[in-house]
Amino acid sequence: MTHEPDALPRVLPPGQRLEPLRVEHYGRVPSRTEDRWTVTVSGATASGEATTLSLEEIHALPTMTLEADLHCVSRWSALDLQWSGAAARSVLALAPPADEVSHVLVVAEYGYSATLRLSDIMGSRTVFAWGMRGGEMPREHGYPLRLVVPHLYSFKSVKWVRAIEYLNGYRAGFWESRGYHHIADAWREERYGYQQ
Ligand SMILES: Nc1nc2c(c(=O)[nH]1)N[C@H]1C(S)=C(S)[C@@H](COP(=O)(O)O)O[C@H]1N2
Ligand SMILES: [Mo]
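Residues numbered from 1 in each chain as written. Chains lettered and ligands numbered in written order. Predicted model: local features only at pLDDT ≥ 70, side-chain atom pairs only at ≥ 80, totals over all residues. Heavy atoms only, no water.

1. Considerations on the sheet that holds strand E11 (residues 161-167)
Point 1. Strand order in the open sheet made by the five strands is E3-E2-E11-E6-E7, with mixed pairing throughout. Because the sheet does not close on itself, it has two edges, and the strands there are strand E3 (51-54) and strand E7 (113-117). Across this sheet, the average inter-strand angle for adjacent strands is 20°, counted without regard to direction.
Point 2. Where strand E2 (residues 38-43) and E3 come together, four bridges link them in antiparallel fashion. Note on E3: the bridge partner recorded for threonine 40 is threonine 52. (Pairing = 2+ DSSP bridges. Helix = DSSP H or I, 4+ residues; strand = E, 2+ residues; numbered from the N terminus. Axes fitted to C-alpha atoms, helices over the stretch in contact; angles between N-to-C directions.)

Following this line, the structure appears as structure tokens:
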């Protein structure tokens with residue numbers, strides 16, 4: 001009889017510990033209903049105009065499924081989560097950035113936000129998700145629209161996305177302005193601003 005281990009060895013980024021998935025966020029779970037959910041794209045757009053995307057438009061994009069982990073900067077990691085939604089780059093293509101854009105501020109209902117380098121949000125494994133573990137994403141995990149950026153600490157994986165602002169240069173979002181790293185690559189252990 002061959003020995004099948006229960007689980008493959010799991011590789012965690014440095015300084016992380018494995019924990020079951022939990023719900024973690026600042027503030028309340030939004031009560032806004034899906035029919036009143038829009039996503040505003042503003043700042044340095046290619047057209048010079050701000051655009052309001054409907055949830056329908058975003059949910060109509062080709063979907064992809066992604067296996068990705070959550071790595072909280074406070075050191076818990078939940079592994080092997082399955083997300084489905086649209087590639088972030090295909091959402092941004094609906095209202096593209098101007099050439100000089102370097103960063104993107106992603107803003108949630110109630111004002112939570114995170115700043116990403118344009119290259120991180122345009123990465124092939126970055127998604128705007130609305131499905132999770134084969135079903136509809138539970139509201140507390142970010143339905144109806146949640147960014148998932150697998151290689152960065154999960155404070156960058158903004159739940160309940162309501163706005164995207166294109167920036168020419170870096171501007172701190174919620175945790176970045178409270179001492180956390182502006183890039184936050186979990187594999188490079190970029191936790192705190194003083195490491196920058
Ligand atoms: N809108 C919003 N998104 C958020 C947060 C938040 O406070 N508000 N917290 C972030 C942090 S710090 C973590 S660790 C993850 C947790 O995701 P989960 O609740 O799906 O486990 O959500 C991220 N996205
Ligand atoms: Mo976190």
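2. Here we look at the nonpolar core
Point 1. Ranked by size, the top nonpolar core spans 55 residues in total, and within it Trp83, Ile121, Phe128 and Leu147 carry the most contacts.
Point 2. Setting aside residues up to four positions removed in sequence, leucine 147 forms contacts with Ala88, Val106, Leu116, Ile121, Thr126, Val127, Phe128, Lys156, Ser157, Val158 and Val161. (Core = buried A, V, L, I, M, F, W, Y, C linked by side-chain atoms within 4.5 Å. Buried < 20%, exposed > 50% of the residue type's maximum accessible area, 1.4 Å probe, protein only. Contact = heavy atoms within 4.5 Å.)

3. Here's the deal with the confidence of the model for the chain
Point 1. Taken residue by residue, the chain gives an average pLDDT of 95. The fraction at 70 or more is 95%.
Point 2. Here residues 1-5 scores under 50 on pLDDT; set against residues more than four positions off or in separate chains, the count is zero contacts. (pLDDT = per-residue confidence, 0-100.)

4. Regarding the site of ligand 1
Point 1. Close to ligand 1 lie 19 residues; Arg22, Tyr26, His141, Arg146 and Lys159 are nearest.
Point 2. Arginine 22 places a polar main-chain atom, nitrogen or oxygen, 2.5 Å from an oxygen atom of ligand 1.
Point 3. Take glutamate 24: an N or O atom from its main chain is 2.8 Å from an oxygen atom of ligand 1. (Near = heavy atom within 4 Å. Polar contact = N/O pair within 3.5 Å; in protein donor to acceptor, adjacent residues only side chain to side chain.)

5. Describing the pairing of strand E4 (residues 64-71)
Point 1. Sheet topology places E4 next to strand E5 (residues 76-87); seven bridges connect them, and they run antiparallel. Pairing of leucine 66 across the sheet is with tryptophan 83, part of E5.
Point 2. Following E4, the chain reverses through four residues before pairing antiparallel with E5; arginine 75 in that reversal takes a positive phi of roughly 95°.

6. Observations concerning the environment of serine 77
Point 1. Within the fold, serine 77 resides in strand E5.
Point 2. It is 30 Å that separates the C-alpha atoms of serine 77 and leucine 167, two residues lying 90 residues apart in sequence.
Point 3. Polar contacts involving the side chain of serine 77 include one to the side chain of glutamine 16, which spans 3.0 Å.

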